[in-house]
Amino acid sequence: MLFFEKPVYKYQEMNFILDEFSDYEPDDEKCLIDIEAYGNIDGEMKYCYSSFSLKKQEMYENGDFESMLNLLRSSENKTVLVELKYKKGIVKDFRLMLDSLVKAYNDERFLQLELTGWGLNDKSCRKI
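All right, on to the packing of aromatic side chains then. A ring pair, where both rings are aromatic, is described by two values, the distance of the centres and the angle of the planes. By the definition in use, this model includes 3 aromatic pairs. Geometrically, the ring pair formed by Y60 and F65 is tilted, given 5.1 Å between the ring centres and 45° between the ring planes. Take Y60 and F65: they sit in the same class, and that class is buried. Of note, K10 hangs over the ring of Y86, and the distance from its end group to the ring centre comes to 4.5 Å.

A few words on the pairing of strand β3 (residues 44-54). Counting buried residues along β3, 9 of its 11 residues qualify, which places the element largely inside the surrounding structure. Adjacent in sequence and paired antiparallel, strand β2 (residues 33-41) and β3 are bridged by 2 residues, among which D42 carries a positive phi angle near 55°.

What follows is about the nonpolar core. By size, the foremost hydrophobic cluster in this structure holds 30 residues, and its most contacted members are I33, I35, L72, V82 and L101. For this core, the elements supplying multiple residues, two or more each, are β1 (8-18), β2, β3, α1 (58-61), α2 (64-74), β4 (79-87), β5 (90-96) and α3 (98-105).

On to the pattern of salt bridges, then. Taken as a whole and judged by the stated rule, the model has 5 salt bridges. Its salt-bridge partner being K46, residue D122 comes within 2.5 Å of it at the nearest N-O pair. Highlighted residues: D122 in the segment after β6 (113-121) and K46 in strand β3, separated in sequence by 76 residues. Of the charged contacts in the structure, one is a salt bridge between R95 and E83, with a shortest N-O distance of 3.2 Å. With R95 in strand β5 and E83 in strand β4, this residue pair connects regions lying 12 residues apart in the sequence. Connected through salt bridges with shared partners, the residues E44, K46 and D122 form a single ionic network.

Spatially, 6 strands are ordered β5-β4-β1-β2-β3-β6 in an open sheet, and the strand pairing comes out antiparallel. The open sheet is flanked by β5 and β6, the only strands paired with a single partner. Neighbour-to-neighbour, the strand axes of this sheet turn through a mean angle of 35°, independent of strand direction. Relative to β6, β3 runs antiparallel, the two sharing 8 bridges. Residue pairing for β6: S53 is matched across the bridge by E114. Running over the sheet, α2 touches β1, β2, β3 and β6 and is turned about 30° from β2.

If you check which residues of α3 are buried, you get L98, S100, L101, V102 and Y105. Within two residues after α3, N106 carries a phi angle of roughly 50°, on the positive side.

The subject of this paragraph is the side chain of E36. Structurally, E36 is set in strand β2. E36 gets classed as buried once you look at its relative accessible area, which sits at 2%. Apart from residues no more than four positions distant in its own chain, E36 is found in contact with N15, F16, I17, Y47, C48, Y49, S124 and C125.

What α2 keeps buried is the set D64, F65, M68, L69 and L72. Taken around the axis of α2, the buried residues stretch over an arc of 135°, which confines them to a single face. Close packing links the buried residues of α2 with β1, β2, β3, α1, α3 and β6.

Rules used throughout
Residues numbered from 1 in each chain as written. Predicted model: local features only at pLDDT ≥ 70, side-chain atom pairs only at ≥ 80, totals over all residues. Heavy atoms only, no water. Phe/Tyr/Trp six-rings, centres within 6.5 Å; stacked < 30°, edge-to-face > 60°. Buried < 20%, exposed > 50% of the residue type's maximum accessible area, 1.4 Å probe, protein only. Lys NZ or Arg CZ within 6 Å of the ring centre and 35° of its normal. Helix = DSSP H or I, 4+ residues; strand = E, 2+ residues; numbered from the N terminus. Pairing = 2+ DSSP bridges. Core = buried A, V, L, I, M, F, W, Y, C linked by side-chain atoms within 4.5 Å. Salt bridge = Lys/Arg side-chain N within 4 Å of Asp/Glu carboxyl O. Axes fitted to C-alpha atoms, helices over the stretch in contact; angles between N-to-C directions. Contact = heavy atoms within 4.5 Å. Arc of directions from axis to C-beta.

Following this line, the structure appears as structure tokens:
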């Protein structure tokens with residue numbers, strides 16, 4: 001029996017919604033982009049919630065933040081690539097792959113997102 005089994009990583013394209021909490025308040029230095037990816041993982045519906053801030057403060061001031069939100073809000077059939085981390089055959093963690101957003105929107109600004117919080121849930125954050 002192995003005590004320290006290496007994690008296994010799998011990748012899955014998942015639909016996502018932009019959470020309603022993603023509002024731009026010009027005076028708020030902590031504006032966030034909240035993305036909830038969802039889909040069937042190993043036969044169960046799972047929700048991968050990630051909250052991001054921008055690495056550069058000037059991106060809030062120059063309109064980049066609002067522009068990025070508008071891109072995400074206005075697109076149909078939104079998907080993002082998700083890296084799933086498995087331990088002992090069970091998904092334990094995840095990471096939204098920002099490069100997949102860069103590719104989908106042809107916009108390098110998505111690489112300036114910095115993860116501030118996340119959660120892997122059995123229910124949508126909208127229902128919790």
